[in-house]
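Each chain, letter by letter, is given below.
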Amino acid sequence: MTFFLAALGVLGVASSGPLIAATLGSTTVTALAIAFWRNAIGAAVMAAPTLVREPAQFGRVTGREFRWSLVAAFALALHFACFITSLQLTSVAAATALVCLQSAWIAVIQLFRGVKHRWQVLAGLGTAFGGVVAITGFDMGTSPEALLGDLLAVAGGLLAGIYTLAGGRARQSMTTGTYTTLCYGMCAALVGVMALFANQPLAGFEAAGWMGIIAITVCAQLIGHTAFNHLLATMSPLLVSMIILLEIPGAALLAAIFLEETLPAGTYGGLALILVGLAVVVAGQRGGKAGRGKPPAERPLAELGTD
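Residues numbered from 1 in each chain as written. Predicted model: local features only at pLDDT ≥ 70, side-chain atom pairs only at ≥ 80, totals over all residues. Heavy atoms only, no water.

> Before we move on, can you summarise the overall build of the protein chain with the specific residues and values?
Across its full length, the protein chain carries 13 helices and 0 strands. Each helix and strand of the protein chain, placed in order from N terminus to C terminus, yields the pattern α-α-α-α-α-α-α-α-α-α-α-α-α. Computed over its C-alpha atoms, the radius of gyration of the protein chain comes to 19 Å, within 12% of the 19 Å expected for a compact globule of 307 residues. Considering only C-alpha atoms, the protein chain reaches an extent of 55 × 50 × 40 Å along its principal axes. Residue pairs at least 24 apart in sequence account for 83% of intrachain contacts in the protein chain once pairs closer than 6 positions are excluded. By element, 70% of the accessible surface of the protein chain is carried by carbon and sulfur atoms, the whole surface being about 13500 Å². Computed over 15 positive and 12 negative side-chain charges, the inter-centroid distance for the protein chain is 21 Å. (Helix = DSSP H or I, 4+ residues; strand = E, 2+ residues; numbered from the N terminus. Rg over C-alpha atoms; globule rule 2.2 N^0.38 Å. Contact = heavy atoms within 4.5 Å. Areas by Shrake-Rupley, 256 points an atom, 1.4 Å probe, with all protein chains shown as cover. Lys, Arg positive; Asp, Glu negative; His and termini not counted. Charge placed at Lys NZ, Arg CZ, Asp CG, Glu CD.)

Take a look at the structure:
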C-alpha cells in the first residue's frame, strides 16, 4: 500500500506540467485561470472538513498568523503565474526541473539568515545550479522565448521557497486545514485581481478546457499532495522528500510520451544535475546544525511539491 501511494503521489505531481502544457496548448484556457481555479477548488475542499469539525478555528486566527498566510499566498500566486506561463515558453521537462529548485532556494535563503549548512548541502547547491546553467545555456541557443521560460521557472522556484518558509511561520500555531483554506483562498483572490489587470478571462471556456482544469486540480493538487501528506504519517520526511524529487524525471517522461517532447542531450544532462544536486541538498539538511538536538520528525527539511 505504501509503494502504491508513493507511485500515485509521484504520478500526480509529475502530471502537473504536462497537463498544464496540454491544456494551454489545445484550449482557450488562460494561465491565470488555471492558477485561480486550482486554488479556489483546493480552498473549498480543504475548508469543508474544518467547517464541519471545528468552524471556530477560523475565528481564532491571529493578526500574526494572517500576515504570514498573506505573504505565503502572495508568493504562491506569483509562483503559479511564473510557472504556468513558463510552460508556454519552454519545455515541460526544463520548467518542472527549474521550478523544483525551491528546496535549493530555501537553503540559500537560510544561508543569508545565518544558518550554517554542512558542506554536502553547499556541494548539492553548486551541482543543482550547475544544472540550471546547462539548461539555460542550451535554451539560449534555441530561442529567446525558451530562455525567458527558463528564467520564469527559476523565479517560480524562488517564490515557492518563500511560500514554504512563510507558510512554515504561519503553521507554527495553525492547523493544516485552517492554514491551507486561508492561504489558497487568498491566493485565488490575488490571482483573480492579476487576471483582471492582465485581461485574462477566468471563465467562458470550452468543455475540454474545464476538463483540463479539473484534471490538473485533481491529479496534482488533491491526489498528488494528499498522497504525500498521508505518507508523512508512515514514512520519514527525508524519504518522502526524496520520493517527491522523482517529479523531475516523471514530468520529463510524461511529456516525452504524451506531448512528444524531445530535448537536446545536454538538457537531459542539466536535468540530471538538478536532480542529483537537490537530492544532496535534502539529505544534507537532515543532519545540519539547524536540526541537531531535535527528534527526526522535527528537523527542518526542504518542502517540495508546490505544483
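There's plenty left to go through after this.
> Tell me about the environment of Ile-274, residues and numbers included.
With respect to the helices, strands and loops of the structure, Ile-274 is situated in helix α13 (residues 265-286). Residue class for Ile-274 comes out buried when judged on its relative accessible area of 0%. Residues Ile-274 and Gly-25, 249 residues apart in the sequence, show an inter-C-alpha distance of 27 Å. Each residue touching Ile-274, except ones within four places of it in the same chain, is listed here: Ala-97, Leu-98, Leu-101, Ala-128, Gly-131, Val-132, Ile-135 and Ile-248. (Buried < 20%, exposed > 50% of the residue type's maximum accessible area, 1.4 Å probe, protein only.)

> Mind laying out the pattern of salt bridges, listing which residues take part and the relevant values?
This model, assessed by the stated rule, comprises 1 salt bridge. For Arg-60, the salt bridge identified is with Glu-54, shortest N-O distance 2.6 Å. (Salt bridge = Lys/Arg side-chain N within 4 Å of Asp/Glu carboxyl O.)

> Let's hear about the side chain of Ser-86: which residues, and what values?
Position of Ser-86 relative to the elements: it lies in helix α4 (residues 63-86). Assessed through its relative accessible area of 0%, Ser-86 is described here as buried. Engagement of the side chain of Ser-86 in a polar contact is seen with the backbone oxygen of Phe-83, the distance being 2.5 Å. Apart from residues no more than four positions distant in its own chain, Ser-86 is found in contact with Ala-95, Gly-149, Leu-152 and Ala-153. (Polar contact = N/O pair within 3.5 Å; in protein donor to acceptor, adjacent residues only side chain to side chain.)

> Talk me through a nonpolar patch on the surface; I want residue IDs and the actual numbers.
A cluster of nonpolar side chains, namely Leu-253, Ile-257, Phe-258 and Leu-259, defines an oily patch on the protein surface of about 430 Å² accessible area. Assignment of secondary structure puts Leu-253 in helix α12 (residues 247-258). (Patch = residues over 30% accessible without salt bridge, like charges linked within 9 Å, V, L, I, M, F, W, Y side chains within 5 Å.)

> Pulling in residues and values, what's your account of helix α7 (residues 119-142)?
For α7, with 24 residues, the first-to-last C-alpha span of 35 Å sits near the 34 Å given by 1.5 Å per residue. Inspection of α7 places Val-121, Gly-124, Leu-125, Ala-128, Gly-131, Val-132, Ile-135, Thr-136 and Asp-139 among the buried residues, and these make up the whole buried set. (Expected span 1.5 Å × (residues − 1).)

> Quick one: what's the story with the packing of aromatic side chains, residue by residue and with numbers?
Scanning the model with the defined rule gives 4 aromatic pairs in all. Considering the side-chain rings of Trp-105 and Phe-129, the 5.2 Å spacing of their centres and the 65° angle between planes classify their relative orientation as edge-to-face. Taken as a pair, Trp-105 in helix α6 (residues 102-112) and Phe-129 in helix α7 lie far apart in primary sequence, 24 residues in all. With a centroid separation of 5.5 Å and 55° between ring planes, the pair formed by Phe-205 and Trp-210 is classed as tilted. Assessed through its relative accessible area of 9%, Phe-205 is described here as buried. Three or more aromatic residues joined by ring pairs make a cluster, and in this case those are Phe-36, Trp-37, Phe-205 and Trp-210. (Phe/Tyr/Trp six-rings, centres within 6.5 Å; stacked < 30°, edge-to-face > 60°.)

> Requested: an account of unusual backbone geometry, with residues and values cited.
A positive phi angle, close to 60°, is found at Asn-199, a residue other than glycine. In this structure, Asn-199 sits in the loop between α9 (176-198) and α10 (207-231). Phi at Glu-260 takes a positive value of approximately 55°, unusual for a residue other than glycine. Mapping Glu-260 onto the fold places it in the loop between α12 and α13.

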